[in-house]
Amino acid sequence: MSAITLSPRPATGVWSLEGQLGPEEPSVRASMERFPFAVGRRSDVSLQLHSPAVSGKHAEFVEEQGSLTLRDLGSTNGTYVNGARLRGESPISEGDLVQFADLVFRVSKNRVPTQQGTLLHDGGDQALAYLQFDRLMKDRAVVPFFQPIVNPKANAVIGFEILGRSRLFGLQNPKAMFHAAAQLKQESQLSRIFREEGLLAGKRFAPNFLLFVNTHPEELRDVKTLVNSLAEARTDFPDMSLVLEIHESAVTSPDEMRSLRQSLLELSIGIAYDDFGAGQARLLELIDVPPDYLKYDMKLVQGIADAPASRRLMLKSLVAMTKELGVTPLAEGVETRADSDACVELGFDLIQGYLFGRPAPAESFLLEALEQQV
């Protein structure tokens, strides 16, 4: 990380950039104390970036009478302002997103001037996450991961749950991505991108494998849009065996669930209630609108091999009730062979967990070898 100390400027406010100096580096804030302020990979520029995609002298900022302008200096991989490639130069306003090749920065203006010139300091991973979220959505930069679901009695993988990751710093896991999405009211849009990109990656699996796709609870606020997106998925992937997962806490209205259930039947898409027992177990909704699969939360399952008899009896009764409703019970979060064997004894038909495979890209799974390892 480099820093240049220059003479202080008059107290008119100081323009700053917030973002990463390199793909694997934390967020920083760089104050622009003297112009032109050049950005690039060379060591003699005002702000040195550490990415091979950035040109030696990539772009520069100039200021005239308090107004900021950004110029591209013939960079190979481009300079972007709010997602649009810069041709020549463009005026810059506070809050704009500027991108130098693969590195994104947000422009801000400090009202209180610094006592030194260009300063670099930690801007916080959360700020970077919001900064990166625009790029995540624009580039659909999610990385689909898959976790196997097995039938322990048949000793076979029957399908995969599609999960999402990202290689963008600060947004590597779903929790971080959806936290940023919630601040911008884009949870539903992000959830759809997860599904769409996951199904594209899932094409390499044979059609007989079930693919469990997730939905965010916010999507259930607009069931019509959700169904339309699933109809498009069915059109794009007519032969896939699909199951839509809905978190059990989102199953609150039997009437709405009946309507969704009917729409899914028409699309030949199954339904699963996820994380059953994580909070309030919604037994009434389970009885009124039974799903095809009921995924028991890991808190009920983990350690069941050594659990007291009363806990095992309770879980066995719930599993028996599930099967009496014609619903397939699935145990989540199984990590040990002892817990797996106990789940089989308690009546679970399907199991998912680290014991049988951690989430990984589709290419990581050689299906024949995987089936032999189960």
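Residues numbered from 1 in each chain as written. Predicted model: local features only at pLDDT ≥ 70, side-chain atom pairs only at ≥ 80, totals over all residues. Heavy atoms only, no water.

Ordered by their spatial adjacency, 8 strands build a closed barrel running S13-S14-S15-S16-S17-S18-S19-S20, and the pairing between neighbours is mixed. Averaged over neighbouring strand pairs, the angle between their axes works out to 30° when direction is ignored. Strand direction decides the pairing type here: strand S18 (residues 293-296) and strand S19 (residues 328-331), joined by 4 bridges, are parallel. In the strand pairing of S19, Tyr296 is matched with Ala331. (Pairing = 2+ DSSP bridges. Helix = DSSP H or I, 4+ residues; strand = E, 2+ residues; numbered from the N terminus. Axes fitted to C-alpha atoms, helices over the stretch in contact; angles between N-to-C directions.)

Below, the discussion takes up the nonpolar core. Among the nonpolar cores identified, the biggest contains 54 residues, and Phe146, Leu199, Leu211, Ile246, Tyr296 and Phe348 are the most heavily contacted of them. Contacts of Leu199, omitting those with residues within four sequence positions, involve Ile162, Leu211, Val213, Ala233, Phe237, Met240 and Leu242. Counting 24 residues, the second-largest nonpolar core is a separate cluster that includes Leu21, Phe61, Leu70 and Phe100. (Core = buried A, V, L, I, M, F, W, Y, C linked by side-chain atoms within 4.5 Å. Buried < 20%, exposed > 50% of the residue type's maximum accessible area, 1.4 Å probe, protein only. Contact = heavy atoms within 4.5 Å.)

Moving on, we come to the pairing of S19. Sheet topology note: the S19/strand S20 (residues 350-352) ladder contains 2 bridges and is parallel. Across the sheet, residue Ala331 finds its bridge partner in S20, namely Ile351. The parallel pair S19 and S20, bridged by helix H9 (residues 337-346), forms a crossover whose chirality is right-handed. (Right-handed = clockwise from strand over helix to strand, strands pointing away.)

What follows covers helix H4 (residues 223-236). End to end, H4 covers 20 Å across 14 residues, agreeing with the expected 20 Å (1.5 Å per residue, within 8%). Those residues of H4 hidden inside the fold are in contact with helix H3 (187-202), strand S16 (241-247), helix H5 (254-266) and strand S17 (269-276). (Expected span 1.5 Å × (residues − 1).)

A few words now on unusual backbone geometry. Cis peptide bonds are those with omega within 30 degrees of zero, and the linkage from Phe35 to Pro36 qualifies with 0°. In this fold, Pro36 is placed in the loop between strand S2 (27-32) and strand S3 (37-40). Backbone geometry places Gln65, a non-glycine residue, at a positive phi of 55°. According to the relative accessible area criterion, Gln65 is exposed, its value standing at 86%. Positive phi outside glycine occurs at Asp275, with the angle close to 55°. Mapped onto the elements of the fold, Asp275 is located in strand S17.

The final tally for this structure, using the stated rule, is 11 aromatic pairs. Consider the rings of Phe146 and Phe205, whose centres lie 5.1 Å apart with planes at 75°: the pair is edge-to-face. Remark: Phe205 occurs in the loop between H3 and strand S15 (210-214) and Phe146 occurs in strand S13 (residues 142-151); sequence separation between them is 59 residues. Here Phe146 falls in the buried class, since its relative accessible area comes to 0%. A relative accessible area of 7% means that Phe205 is categorised as buried. On the numbers, 5.2 Å between centres and 55° between planes, the contact of Phe160 with Phe365 is tilted. With Phe160 in strand S14 (residues 156-166) and Phe365 in the loop between S20 and helix H10 (367-373), this pair connects stretches of sequence that are 205 residues apart. With respect to burial, Phe160 and Phe365 carry one shared label: buried. (Phe/Tyr/Trp six-rings, centres within 6.5 Å; stacked < 30°, edge-to-face > 60°.)

These figures capture arrangement, not role.
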